[in-house]
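Reading the structure
Chain by chain, the residues:
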Amino acid sequence: MNKVVHILFAVWLIIAGSVGSPQPCLANTAVTLRGATEVQRTTVKLSDIFNGVPAEIDRDIAQAPAPGKQVVYDVNVLNRVADKYRLDWQPTSSSDHAVITTACTRITADTIREAVIRKVKADGASGLQKGSEIDVSFDNHALEIDLPTDQGPDFTLNNFNYDPLGKHFRTDLVAETASGPFSVPISGRITVKRSIPVLTHRLEGGTTIGAADLDWMAVPEDRVNATVIVDADQLVGRELRRDTEEGEILHSHDVMPPRLVVRGSLVTMKIETPMMLVTAQGKALQDGTQGDVIRVTNTQSNRMVEGIVTGPGVVLIRTAEKIAEAE
């Protein structure tokens, strides 16, 4: 966020301007260019620009940039400063320059975002559901605030106004500084997200979902309708009706109870009466989950009967009248 200001003319505004020409304490003092320096005061000294400046001639020569900002002295300015203060320095190229940055206490966008989230939750007007998350986007996408380095990063959000329907907020960020309150208007949008279970990897249709196949993903609440599955228990042990990609939102119609009988597979037909248990081999004509009534064909007699799926590959033929047809 630092703004670089290229200075094309010499700037010695403080002591040199009020006292006059520098005292020729040491003539033609050999120095080298520092390149980049961070200062924690309101002025720039000779020693901030050049290495090797004796303490006897070191002095304030310019106003430092604002906290967190930079100023660039190009080769022309450097030559003038060196000549004025009788420093033995020669540029190595026309691109030589010195960068002065003023140290600051920075209030970052992340810090402000956390404060806005706390405000929204504290106001109780967001209508948040359990497990919901809040994301904040600012109208000013490069939001950072730099304060003098002797100030703490403390601030308050005053006049906080949040529209739960439009999900938009406005507030004033106020920080106390040595020169008085510093206020910045801030606005942005709130996105409420809900965590929902999704697949950690692609699964083919017909696969039974296990707990290890699931992870959680936060999605905007306007994408979570009544058919979206929000509880992992509604997925574990269920079978996918179709191929499903990693991270895809799952709806209630995307899963079903696991099939215990697959159409075209061989099954064991059981016929139970109080007096006997008869089993025979059959071929399923339909898919079936627990408790489904499906049609099967006896592989010996080629007769078709109906039965209830009671387990993996097991179909119960419950009426005694069907015994003859099943045999």
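Note that the structure is predicted; figures quoted are calculated from it, not measured.

**Overview of the overall build of the protein**
- What the protein contains, in helices and strands, is 5 helices and 26 strands.
- Residue burial in the protein is summarised as follows: out of 327 residues, 39% are buried.
- Look at the contacts in the protein between residues 6 or more apart in sequence, and 56% of them connect residues 24 or more apart.
- With an accessible surface of roughly 18100 Å², the protein has 48% of that area assigned to carbon and sulfur atoms.

**Things to note about the side chain of Asp60**
- Mapped onto the elements of the fold, Asp60 is located in strand E7 (residues 60–63).
- Of the polar contacts made by the side chain of Asp60, one reaches the side chain of Thr43; its length is 2.9 Å.
- Side chain to side chain, Asp60 and Lys45 meet in a polar contact 3.3 Å long.

**Some details on helix H4 (residues 109–123)**
- Its 15 residues give H4 an end-to-end C-alpha distance of 21 Å, which sits within 8% of 21 Å, the value for a rise of 1.5 Å per residue.
- By the burial criterion, the buried members of H4 are Ala109, Ile112, Ala115, Val116, Ile117 and Val120.
- Along its buried surface, H4 packs onto strand E11 (104–107), strand E12 (132–138), strand E13 (145–148), strand E14 (156–163), strand E15 (168–177) and strand E16 (180–199).

**Some remarks on the layout of surface pockets**
- Of the volumes computed, that of the largest pocket is approximately 190 Å³.
- Partitioned by chemical class, the residues of the lining of the largest pocket number 6 nonpolar, 5 polar and 2 charged.

**Regarding the sheet that holds strand E24 (residues 293–298)**
- Strand order in this closed barrel of 5 strands is E21-E22-E24-E25-E26, and the pairing throughout is mixed. The average undirected angle you get between the axes of adjacent strands in this sheet is 55°.
- Direction of pairing for strand E21 (residues 266–272) relative to strand E22 (residues 277–284): antiparallel, over a ladder of 7 bridges. By the bridge assignment, Thr268 is partnered in E22 with Gln281.

**Quick notes on helix H3 (residues 75–84)**
- When we look at burial in H3, the residues that qualify are Val75, Val77, Leu78, Val81 and Ala82. Along H3, the residues classed as buried sweep out an arc of 160° about the axis, all on the same side.
- Just past H3, the residue Arg86 takes up positive phi, approximately 55°.

**Some remarks on the nonpolar core**
- If you look at the biggest cluster of nonpolar residues, it comprises 24 residues, and the most contacted ones within it are Ile112, Val116, Phe138, Phe169 and Ile190.
- Breaking this core down by element, the ones donating at least two residues are H4, E12, E13, E14, E15 and E16.
- Contact partners of Phe169, with chain neighbours within four places excluded, come to Val116, Val136, Ser137, Phe138, Phe160, Asn161, Tyr162, Ile186, Ser187, Gly188, Arg189 and Ile190.
- One finds Val71, Tyr73, Ala98 and Ile100 within the second-largest nonpolar core, a separate group that totals 23 residues.

**Re the pattern of salt bridges**
- Throughout the structure, instances matching the rule amount to 14 salt bridges.
- Residues Asp287 and Arg259 are paired through a salt bridge, measuring 3.2 Å at the closest nitrogen-oxygen approach. Here Asp287 is found in the loop between E22 and strand E23 (288–289), whereas its partner Arg259 is found in strand E20 (residues 259–261), with 28 residues between them in sequence.
- By relative accessible area, which is 37% here, Asp287 ends up partly exposed.

**Quick word on the packing of aromatic side chains**
- Scanning all chains against the criterion turns up 3 aromatic pairs.
- Arranged with centres 6.0 Å apart and planes meeting at 15°, the rings of Phe160 and Phe169 form a pair that is stacked.
- Here Phe160 falls in the buried class, since its relative accessible area comes to 16%.
- Judged by its relative accessible area of 0%, Phe169 falls in the buried class.
- Clustering of aromatic rings is evident, with ring pairs tying together Phe138, Phe160 and Phe169.

**A look at the pairing of E15**
- In the sheet, E14 pairs with E15 via 6 bridges, with the strands oriented antiparallel. Pairing of Tyr162 across the sheet is with Phe169, part of E15.
- The hairpin turn running from E14 into E15, its antiparallel successor, is 4 residues long, and Lys167 in that turn takes a positive phi close to 60°.
- In this structure, E15 lies alongside E16, joined through 10 bridges in antiparallel fashion. In the sheet register, Val174 faces E16, and the bridge partner there is Ser183.
- Counted along the chain from E15 to the antiparallel partner E16, the turn is 2 residues long.

**Some points on unusual backbone geometry**
- Even without a glycine there, the phi angle at Arg86 is positive, about 55°.
- With respect to the secondary-structure elements, Arg86 resides in the loop between H3 and strand E9 (87–88).
- With a phi close to 55°, Asn159 is a non-glycine residue in the positive phi region.
- Tracing the backbone shows Asn159 in strand E14.

Basis of the calculations
Here the residue numbers are simple positions, counted from 1 along each chain's written sequence. Local features are withheld for residues below a pLDDT of 70 in this predicted model, meaning they are given only at 70 or higher, and side-chain atom pairs are given and counted only at 80 or more; totals for whole chains, interfaces and linings count all residues. The basis for every side-chain value is the complete set of non-hydrogen atoms in the structure, without hydrogens or water. The secondary structure listing takes helices from DSSP runs of H or I that are at least 4 residues long and strands from runs of E that are at least 2 residues long, numbered from the N terminus. With a 1.4 Å probe rolled over the protein chains alone, any residue whose accessible area is under 20% of its type maximum counts as buried; one over 50% counts as exposed, and the rest are partly exposed. When checking whether two residues touch, look at their non-hydrogen atoms; a contact exists if any pair is within 4.5 Å. Only the protein chains shown count as cover for residues, and all accessible areas are computed by the Shrake-Rupley method using a 1.4 Å probe. For the purposes of these results, a polar contact is taken to be a pair of N or O atoms within 3.5 Å, where, inside protein, one atom must be able to donate a hydrogen and its partner to accept one; residues adjacent in sequence count only when each atom of the pair is a side-chain atom. Residue count minus one, scaled by 1.5 Å, sets the expected span of a helix. Definitions used for this entry: grid spacing 1 Å over protein atoms alone; cavity, a set of points where a 1.4 Å probe fits but cannot get out; pocket, an open set with protein on both sides within 12 Å along at least 5 of 7 lines; lining residue, one with an atom within 4 Å of a point. Grid points are joined across faces, edges and corners, and a volume is the space filled by probe spheres set on the points. As a working rule, the residues Ala, Val, Leu, Ile, Met, Phe, Trp, Tyr, Cys and Pro are called nonpolar, Asp, Glu, Lys and Arg charged, and the rest polar, with Gly in that last group. At least two bridges found by DSSP between two strands are what make those strands a pair. Structural elements are reduced to axes, namely lines fitted to C-alpha atoms, with helices fitted over the stretch in contact, and the angle between N-to-C directions of any two is expressed from 0 to 180 degrees. Arc definition: directions from the helix axis to the C-beta atoms. Nine residue types can take part in a nonpolar core, namely buried Ala, Val, Leu, Ile, Met, Phe, Trp, Tyr and Cys, and a core is a set of them joined through side-chain atoms within 4.5 Å. Between Lys or Arg on one side and Asp or Glu on the other, a salt bridge is scored when a side-chain nitrogen of the former is within 4 Å of a carboxyl oxygen of the latter. Aromatic pairing here means that ring centres of Phe, Tyr or Trp (its six-membered ring) are within 6.5 Å. Orientation follows from the plane angle: under 30 degrees is stacked, over 60 is edge-to-face, and everything else is tilted.

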